[in-house]
Amino acid sequence: MASGSDVIERPEVEAALPSAAPARRWVVPLLLVAGWVLSVAWRMWLSRHIVLPIAHTDEDSYLNTARALAGGPGGFSSENDLLRRVGYPMLISPAFLGDRDFTDSYRLVQLINAMVNSTLLPLAYLLGRRLLRLRRSYALLGAVAAATLPATAFYAGVAMIETVMAPLVVAWLLAVHRWIERPGPLAAATVGLLVGGFHLLHSRGLVIVAVHAGLVLLLFARRRINPPAILAALLPVLAMALVNAAAIRYLGNKVYLLGSTPGGGTVEAVASAQGVVRVSVGVATQLWYLVVITFGMAGVAWAAAVRELCRPRHGDAVRWTMGVALVVTVGVAGGASVILAGITGKPLDAIYGRYVQMLAPFWLLVGLGVLFTAGRRVVLRRAAVAVALLVGGGALIAVRLAYVASRGHRLRYGGFSAPDLVALTGGLREMRPVIGSLVGIAGCLLLVATALVPRLRMPVLGVLVVVNLVTMQVIDHRIVRPAVASTAPTPRVADVGVRPGERVWASTGVHYVTRFNLSHQVTWTDVRWFSERPPAAAQVVFARWAPGQADDWDGTAYGFVRLGGNPVQHWAAWRRA
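The sections below set out a description of the structure shown in this document. In this text the structure is predicted, and so the values were computed from the model without any measurement.

**Notes on the packing of aromatic side chains**
- Following the criterion strictly, the structure yields 17 aromatic pairs and no others.
- Clustering of aromatic rings is evident, with ring pairs tying together F530, W553, Y558, F560 and W574.
- Positioned above the aromatic ring of W45, the side-chain terminus of R48 is 3.9 Å from the ring centre.
- Over the aromatic face of W545 sits the side chain of R562, whose NZ or CZ is 4.2 Å from the ring centroid.

In structure tokens form, the structure reads like this:
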């Protein structure tokens with residue numbers, strides 16, 4: 001990365017060979033296209049075992065909304081009125097067009113995910129070339145390392161918004177760099193459109209909208225842009241907000257919300273010394289997590305970015321892009337910690353890394369850029385910062401876990417929030433911060449040591465890609481497959497005799513995961529819930545089947561005949577006689 005006096009500028013070797021350029025100018029685009037296709041295929045292969053949602057209730061909410069947008073029946077959403085977003089359901093809604101089984105639609109969702117998620121590869125290459133000024137070979141293999149990072153690749157297999165966020169982050173920061181480098185209405189509109197995309201996708205986009213607004217004001221104050229450019233930068237954000245509002249209005253009551261709107265509870269949770277400490281530790285944990293899963297490169301990148309902010313040597317474009325990325329990183333981590341602190345009915349999490357994962361590929365690439373462009377002393381100083389962050393963060397988290405344990409409690413992983421950390425540390429049942437720090441330190445020192453020897457750089461980047469692939473295999477075997485086995489109800493709804501067109505209800509006595517995955521298979525109607533007595537309109541119901549237990553539901557008392565089900569999974573389908 002070109003970060004002030006840290007960087008040793010190197011002339012591009014390719015520029016010295018103009019005669020070879022015409023013959024080779026299509027090599028990189030072809031490699032990127034081939035890499036994108038392979039990336040899509042790899043993601044689809046990884047998701048081959050997932051035929052029903054495993055990340056509840058987020059997946060259920062997005063899928064129900066997508067189905068309603070496509071003209072089908074609605075369902076519930078765990079969102080609330082204030083933070084409701086429909087961008088991702090709009091993206092995957094084509095999968096629900098036509099009359100097909102849910103598993104077929106879900107596979108199409110995974111294909112859409114894989115195609116969008118894999119755009120990280122060409123975007124990461126552009127980032128390496130335009131912002132970090134890397135050689136083509138380094139930029140290509142670095143892009144592969146970023147595109148295979150488990151923090152991003154994992155989500156392509158499930159219907160979760162994180163599959164879109166990482167490519168969007170890289171695209172946005174590339175656009176910011178271009179805009180500052182060459183201000184103009186088209187560049188401003190491009191940045192505004194991408195920021196609007198964040199707002200349309202998720203509530204964490206509010207942080208990016210706020211940063212975008214601050215950047216626009218700063219550029220205007222410094223006379224870098226004029227009023228027309230301000231409009232070009234802000235109107236697309238407003239347009240995306242209106243699109244979100246229009247889609248919500250179109251949905252009407254087809255999708256009903258179960259989430260609670262943040263209010264006084266959130267303020268009370270952070271308006272005390274204990275609340276401030278809790279939020280601060282949450283932010284520190286998320287930042288530590290980013291350094292671990294990028295093998296120290298995020299820490300290296302942050303040190304270089306702060307240096308660039310304090311003592312700029314490479315122009316405003318790099319400086320401001322790094323500043324924007326730093327503010328967003330801290331802002332997203334802080335916002336997530338504040339919101340989660342206000343959810344008092346939710347068990348405490350040792351870590352909830354989903355919101356910051358979208359930034360991991362960017363910081364990985366910036367860290368690699370520092371290693372490959374800076375001098376030996378600079379690299380060692382930046383690596384020392386990364387190691388210090390890993391040691392300090394690991395110690396802080398270990399102390400927190402020990403303190404909570406001493407009070408008779410146990411902190412758990414947030415749901416599907418850090419699968420890569422689980423795989424890297426072997427901590428499926430508990431968080432292992434010391435091992436996580438050691439993994440990050442070992443990876444950082446290895447990358448630094450080999451980066452100082454130019455001939456070893458490409459092999460080490462290859463090793464990093466292999467580590468990502470192996471980590472994804474561990475995630476598949478230790479997290480994904482067990483989750484599939486424990487959440488997929490058997491037999492299928494169609495196999496027990498539930499017929500299309502029947503009015504189906506589900507009892508809240510059925511475990512919510514089983515209830516949701518049974519309901520997804522009913523594609524022709526919205527499956528509503530009841531507690532004990534089914535409504536008169538219900539023709540088929542899913543209820544608890546627990547022979548010999550007090551809460552076993554007896555449908556004969558209400559005029560139903562059992563069709564079948566699974567007493568081990570505690571569910572049965574009943575039809576009104």
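**A look at the packing of helix α9 (residues 162–181) against helix α10 (residues 185–201)**
- Two elements in contact, α9 and α10, have axes separated by 9 Å at closest approach and are oriented at 155 degrees. Relative to α10, the element α9 is oriented roughly antiparallel. Crossing of α9 against α10: the hand is left-handed. Between α9, through V164, M165, L168, V169, A171, W172, A175, V176 and W179, and α10, the contact on the second element is made entirely by A187, A188, T190, V191, L194, V195, G197, F198 and L201.

**Looking at the packing of α9 against helix α11 (residues 205–221)**
- Here α9 crosses α11 at 5 degrees, and the two axes come no closer than 13 Å. Overall, the two elements α9 and α11 adopt an arrangement that is roughly parallel. Contacts from W172, V176, W179 and I180 of α9 reach α11 at I208, H212, L215, V216 and L219.
- Class assignment of the residues belonging to the contact of α9 with α11 gives a composition of 8 nonpolar, 1 polar and no charged.

**Focus: unusual backbone geometry**
- In this structure, the amide linkage connecting H56 to the following residue, T57, adopts the cis form with an omega of 10 degrees.
- Relative to the elements of secondary structure, T57 occurs in the loop between α2 (27–46) and α3 (58–69).
- Along the chain, T490 connects to P491 via a cis peptide bond; the corresponding omega equals -5 degrees.
- Take P491: it is sitting in the loop between α21 (457–487) and β5 (504–507).
- Unusually for a residue other than glycine, R133 sits at a positive phi of about 60 degrees.
- Structurally, R133 is set in the loop between α6 (120–131) and α7 (136–147).
- Backbone geometry at R223 places phi at a positive 60 degrees, although glycine is not the residue there.
- By secondary structure assignment, the location of R223 is in the loop between α11 and α12 (227–251).

**Side note on the sheet that holds strand β7 (residues 540–543)**
- Spatially, β6-β5-β7-β9-β8 is the arrangement adopted by the 5 strands of the open sheet, whose pairing is mixed. A single partner strand is all that each edge strand has here, and the edge strands are β6 (528–530) and β8 (560–566). Here the strands of the sheet are splayed against their neighbours by 30 degrees on average, with no regard to which way each runs.
- Alignment of β7 against strand β9 (residues 571–576), held across 4 bridges, turns out to be antiparallel. Residue pairing across strands places V541 opposite W574, the latter belonging to β9.

Basis of the calculations
The written sequence of each chain sets the order in which its residues are numbered from 1. With the structure being a predicted model, the display of local features is reserved for residues of pLDDT at least 70 and the display and counting of side-chain atom pairs for 80 or more, all residues being used for whole-chain, interface and lining totals. Side-chain figures throughout are based on the complete set of non-hydrogen atoms in the structure, without hydrogens or water. Any two of the Phe, Tyr and Trp rings considered here, Trp counted by its six-membered ring, make a pair once their centres fall within 6.5 Å; the pair's planes then place it as stacked at under 30 degrees, edge-to-face at over 60, or tilted in between. Either the NZ atom of lysine or the CZ atom of arginine qualifies as a charge over a ring when it sits within 6 Å of the ring centre and within 35 degrees of the ring normal. Only the stretch in contact is used when a helix axis is fitted, and all axes are lines through C-alpha atoms; the angle between N-to-C directions ranges over 0 to 180 degrees. By the criteria applied, helices consist of DSSP H or I runs no shorter than four residues and strands consist of E runs no shorter than two, each listed in order from the N terminus. In these notes the angle categories are as follows: under 35 degrees is roughly parallel, over 145 is roughly antiparallel, 65 to 115 is roughly perpendicular, and the rest is oblique. In this scheme the handedness of a crossing depends on how the near helix is turned from the far one: anticlockwise by less than a right angle means left-handed, clockwise means right-handed. Whether two residues are in contact is decided by their heavy atoms: any pair within 4.5 Å suffices. Classes in brief: Ala, Val, Leu, Ile, Met, Phe, Trp, Tyr, Cys and Pro nonpolar; Asp, Glu, Lys and Arg charged; the others, Gly included, polar. The pairing criterion is simple: DSSP has to find at least two bridges between the two strands.

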